[in-house]
Structures are given as C-alpha cells and as structure tokens.
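What the coordinates show
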Amino acid sequence: MNRIVSKRLLANDLCELEFEAPHIARGHKAGQFLVLQADHDWGERIPLTIADANESAGTVTVVFQAVGATTIKLARFNPGDCIPDVLGPLGNPSDVRKFGRVVLCGGGIGVAPIHPIAQAMRAAGNHVTSILAARTKDLVIFENRMRAASDEVIVCTDDGSYGRKGLVTAPLKEMCESATPPDRVIAIGPPVMMKFCAATTKPFGIPTIVSLNTIMIDGTGMCGGCRVMVGGKMKFVCVDGPDFDGHEVDWDNMMKRMRAFRPFEEEARRRVRDHECNIDKAARAIAAAKEDR
Ligand code: FAD
Ligand code: FES
Ligand code: MG
C-alpha cells in the first residue's frame, strides 16, 4: 500500500513523491489534500495537497519542503518504500466554474497545489494567468507544468535572478488596475504572501480565495487544531476549507497560532537531524573498520 513509484528533488529541500493510492487518485478533486504519517503508530500526521494524480496508474503526487521532522523523514523515502499511512481525499474541492479571467498566485511550494486548480480552471473555460513567485531562480518549481496549464505565466523572484524582480503583489496590482482586471484571484503560499495578495485585491473588490495551511492533527474536524477566524466566525480548515475568502481571514490570529508549537517542532527537527548524523557516523565507523581489516 502507498508504494512510492517515483521521487524527484525539485530544488535543495523541495521534494516530489508519486505513490500508489488508487482510491485517492480516483476520488480527488482540485484543491483537496491528504493526511499522511511518515512513521507507523507514533508518527505525527501532516496534511499535504494533492498536486497531481494519475487515475489510470492509481497514483497521486505530493510536493513538499523538508522543513520539519516529518517532511525530513518523508524526504528520506525512496521508490519502492511504502508510506505507512495515507488518508484522503480530505477537505472541500476548490470552487471551479467559469469566472472569466482567473489569476493564480503561487508562492514557493504553493505553486504545486495551484497546479491542479490551474488545470481545472482552464478546463472550465477561464482565461488563466499564473504568477509563480520564489525567493530565487533555483526555487522556481513546476514552471513547465504551469505553462502547459495556463494561458499566461509570470515568474517573479525576490532577488531578480529569474523573471521579474520583486514580489507577487506587484504584477497582481498591475492586473487589478488594468482595463481587464481579474474576475477571481486564488493565492496559495506562505501565510504572509496570501495575506498581502488579499490586501492587494481588496481595494478593487476582486474576490480572492486562499488555501490555508494551518497546523492539523486529525484532519476530520474533531480536534480543533486547525481553527481559524474567518469573517468573525470560527472555522475548521480541515472540514470548512481549506479554501476561504482571503479578505475575511484573521491573518494575525492564524499566524500566531501557527507559531504555538515552534519550540516542540524545533526539538523534533533537531532529534531527526541528530539521528541522521548518528547513522552517518555509524556508517563511517563501519566503513573504517572494514578498511582496517
Ligand atoms: P513542522 O514540525 O510543522 O515544522 C516546520 C517548521 O518549519 C515550523 O516551525 C515552520 O514555521 C518552519 N518553516 C516553515 N517553512 C519554512 C521554511 N521555508 N524555511 C524554514 N523554516 C520553515 N506543505 C508542503 O510542503 N506541501 C504541501 O502541499 C502542503 N499542503 C498543505 C495543505 C494543507 C491543507 C495544510 C493545512 C498544510 C499544508 N502544508 C503543505 C503544510 C505542511 O503540512 C506543514 O508544513 C507541516 O507541518 C510540515 O510538518 P513537519 O513536521 O515537516 O514540519
Ligand atoms: Fe482537527 Fe481540523 S485538524 S479539527
Ligand atoms: Mg512536525
């Protein structure tokens, strides 16, 4: 079950895994996610968006950044290995209809989750413009796939090493001010990037949907770990989302809640990295002992 069929390193710590999950491949829609465990029994559960699926092969693709204990463990899996537990598809599919001009903003790893939405929006008859933003050229991912799924692609890098120099909000603002403004904007990326995309479109009254990436535990609406305030009401990202009206999200509250477990996350990451160093040390000691013989 959940056997990995391919693994690609997209950039330094950005990894793409394709694995067998026929029920999810058949049943999923753009915007949905899955929850997986990298260890049996005691492993924490993390949500990852379904970035692609191959229904006939029964496989799904996830793209993640190895930033913490679980994603570092996941990045060590190789083709042939099995992911212990995968649950999905979860969450509500994105609202895909004919809106007219749709602008998709993907920041960093957020470009991967935007890919199935670009495909679905185009198939629904929209004119799709995608803005791909990254800190630097090496971190621009999915460019070819996004070009295939969009009518127009704009790449921005913070350092100007590729495409336009600057943040995603600059071309977004220009489009809002143009004679043909977007009818709908969708932003996926770090919370601060989504917050500023929503702030850019708000004065123009352009509906802006964001996909929230809060902490999740059960992923099924029972623990409250993923709660956010949207339009003054409490919502659970796992069952009410992950897509919400970006103009209504209480971003500061969400970002504060996301920092709540940082000391524990750092400790867990340190333990995983130390364990890796110890394995390397043991391997070097064994190799040295063999050479001595
Ligand atoms: P954690 O234990 O959560 O630790 C991560 C730590 O690293 C945190 O302290 C965080 O602040 C910090 N951090 C975050 N980004 C960076 C960075 N760039 N550089 C340095 N530090 C950083 N993540 C994906 O990668 N791909 C997805 O497709 C994806 N989809 C998601 C879909 C949903 C619906 C949700 C809710 C979240 C999604 N996420 C996705 C986020 C992912 O689930 C979390 O990042 C998860 O907590 C990672 O687990 P971890 O144990 O590896 O890291
Ligand atoms: Fe538990 Fe959403 S993750 S309620
Ligand atoms: Mg973690």
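Now for a look at the structure at hand. (Residues numbered from 1 in each chain as written. Chains lettered and ligands numbered in written order. Predicted model: local features only at pLDDT ≥ 70, side-chain atom pairs only at ≥ 80, totals over all residues. Heavy atoms only, no water.)

The next thing to look at is helix H5 (residues 169-177). For H5, every residue scored as buried is listed here: Thr169, Pro171, Leu172, Met175 and Cys176. Taken down its axis, H5 places every buried residue within 165 degrees of arc, on the same side. Buried residues belonging to H5 abut strand E8 (101-107), strand E9 (127-134), strand E10 (152-157), strand E11 (164-165), strand E12 (184-188) and helix H6 (191-201). (Buried < 20%, exposed > 50% of the residue type's maximum accessible area, 1.4 Å probe, protein only. Helix = DSSP H or I, 4+ residues; strand = E, 2+ residues; numbered from the N terminus. Arc of directions from axis to C-beta. Contact = heavy atoms within 4.5 Å.)

To continue, consider the pattern of salt bridges. Applying the stated criterion across every chain, the model contains 14 salt bridges. Measuring nitrogen to oxygen at the nearest pair gives 2.9 Å for the salt bridge that ties glutamate 174 to arginine 164. One end of the pair, glutamate 174, is in helix H5; the other, arginine 164, is in strand E11, and 10 residues separate them in sequence. Lysine 173 serves as the salt-bridge partner of glutamate 177, at 3.3 Å between the closest nitrogen and oxygen. Of this pair, glutamate 177 and lysine 173 both sit in helix H5, 4 residues apart, roughly one helical turn. The exposure class of glutamate 177 is partly exposed, given its relative accessible area of 48%. On the basis of relative accessible area, lysine 173 is assigned to the partly exposed category, the value being 42%. (Salt bridge = Lys/Arg side-chain N within 4 Å of Asp/Glu carboxyl O.)

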